[in-house]
Amino acid sequence: MAPQPGGATRAARSSAREWRWGWAAVLLMNLPVALLFGFFVTSRSGAFGMLAGVFVVWLAGHFAVARFARVRGALIVGGICVAVLQVIPLLQIGAGLSAVALLADRAMEISAAAAFAVTLMTGGQLIVAALVAGYLIRSTRPVG
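Let me sum up the structure you'll find in this document. Along each chain, numbering runs from 1 in the same order as the chain's sequence is written. The model is predicted, so local features are restricted to residues of pLDDT at least 70 and side-chain atom pairs to those at 80 or more, both for listing and for counting; the totals for chains, interfaces and linings are taken over all residues. Each side-chain value is worked out from all heavy atoms of the structure, with water and hydrogens disregarded.

### Quick word on the packing of helix α4 (residues 69-84) against helix α6 (residues 112-139)
Axes here mean lines fitted to C-alpha atoms, for a helix over just the part in contact, with angles spanning 0 to 180 degrees between N-to-C directions. A run of H or I in DSSP becomes a helix once it reaches four residues, and a run of E becomes a strand once it reaches two; helices and strands are each numbered from the N terminus. Where α4 meets α6, the closest approach of the two axes is 6 Å, and the angle between their N-to-C directions is 105°. Put simply, α4 runs roughly perpendicular to α6. Where α4 approaches α6, its residues R70, V71, G73, A74, L75, V77, G78, G79, C81 and V82 are matched on the opposing element by L126, I127, A129, A130, L131, A133, G134, Y135, I137 and R138. With respect to orientation, any angle under 35 degrees is reported as roughly parallel, any angle over 145 as roughly antiparallel, any angle of 65 to 115 as roughly perpendicular, and every other angle as oblique. Note on contacts: a residue pair is in contact if any heavy atoms of the two residues lie within 4.5 Å.

Have a look at this one:
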């Protein structure tokens, strides 16, 4: 049976689509603790900034897993590990508190812009943790 013209391209698009769905699922798995604490410390305008930040984090991961094959598996596997750590959310709380400490004025309510920036910084820290965990896990797999 002869290969279909454009078959490799169709398979690559399908594969990228599956990775994007995987990223969306991993992001959703990582949101409970973040949203719980985020809504606790923000006002209505801060909540808007936080949700806009979540969208940007999703969008960045969406493009990363579609375009960078070396990142895909590590981000998904590591993201699952970070999501599981929400049972004892020290990593999530530490990332959030460090971002708040850098960007928000403690005397004021967290504004939409500050909540947006805090969300991006927190998400960025957790993505880095996920990538490190994913690369470590993938590097310990036996070859063969």
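### Some words on the environment of A69
Relative to the helices and strands, A69 resides in helix α4. Placed 50 residues apart in sequence, A69 and W19 show a C-alpha to C-alpha distance of 9.6 Å.

### Observations regarding helix α2 (residues 31-41)
Helical geometry: 3.6 residues make up each α-helical turn, so side chains three or four residues apart lie on a common side. Turning to α2, its buried residues are L31, V33 and G38. The arc that holds every buried residue of α2, seen down its axis, measures 165°, which confines them to one face. Across from the buried face of α2, at angles greater than 90 degrees, the exposed residues are L36 and F40. For every residue, the accessible area (1.4 Å probe, protein chains only) is compared with the maximum for its type, and the residue is labelled buried under 20%, exposed over 50%, or partly exposed between those bounds. In this description, one arc is meant: the one made by directions from the helix axis to the C-beta atoms.

### Quick word on the packing of helix α5 (residues 90-103) against α6
Where α5 contacts α6, the two axes come as close as 9 Å, and the packing angle between them is 140°. By the angle class used here, α5 and α6 are oblique. Between α5 and α6 lies a crossing of right-handed hand. Residues L91, Q92, A95, G96, S98, A99, V100, L102 and L103 of α5 touch α6, and the partners they reach there are A117, V118, M121, T122, Q125, L126 and A129. Rotating anticlockwise by less than a right angle from the far helix to the near helix defines a left-handed crossing, while the corresponding clockwise rotation defines a right-handed one.

### A closer look at the nonpolar core
Counting residues in hydrophobic clusters, the biggest one holds 14 residues, and the most contacted among them are W23, L27 and L75. Of all the secondary structure elements, the ones that give two or more residues to this core are α1 (7-29), α3 (44-67), α4 and α6. With near-sequence residues (within four places) excluded, L27 lies in contact with V54, V57 and W58. By convention a nonpolar core is built from buried Ala, Val, Leu, Ile, Met, Phe, Trp, Tyr and Cys residues, the set being connected through side-chain atoms within 4.5 Å.

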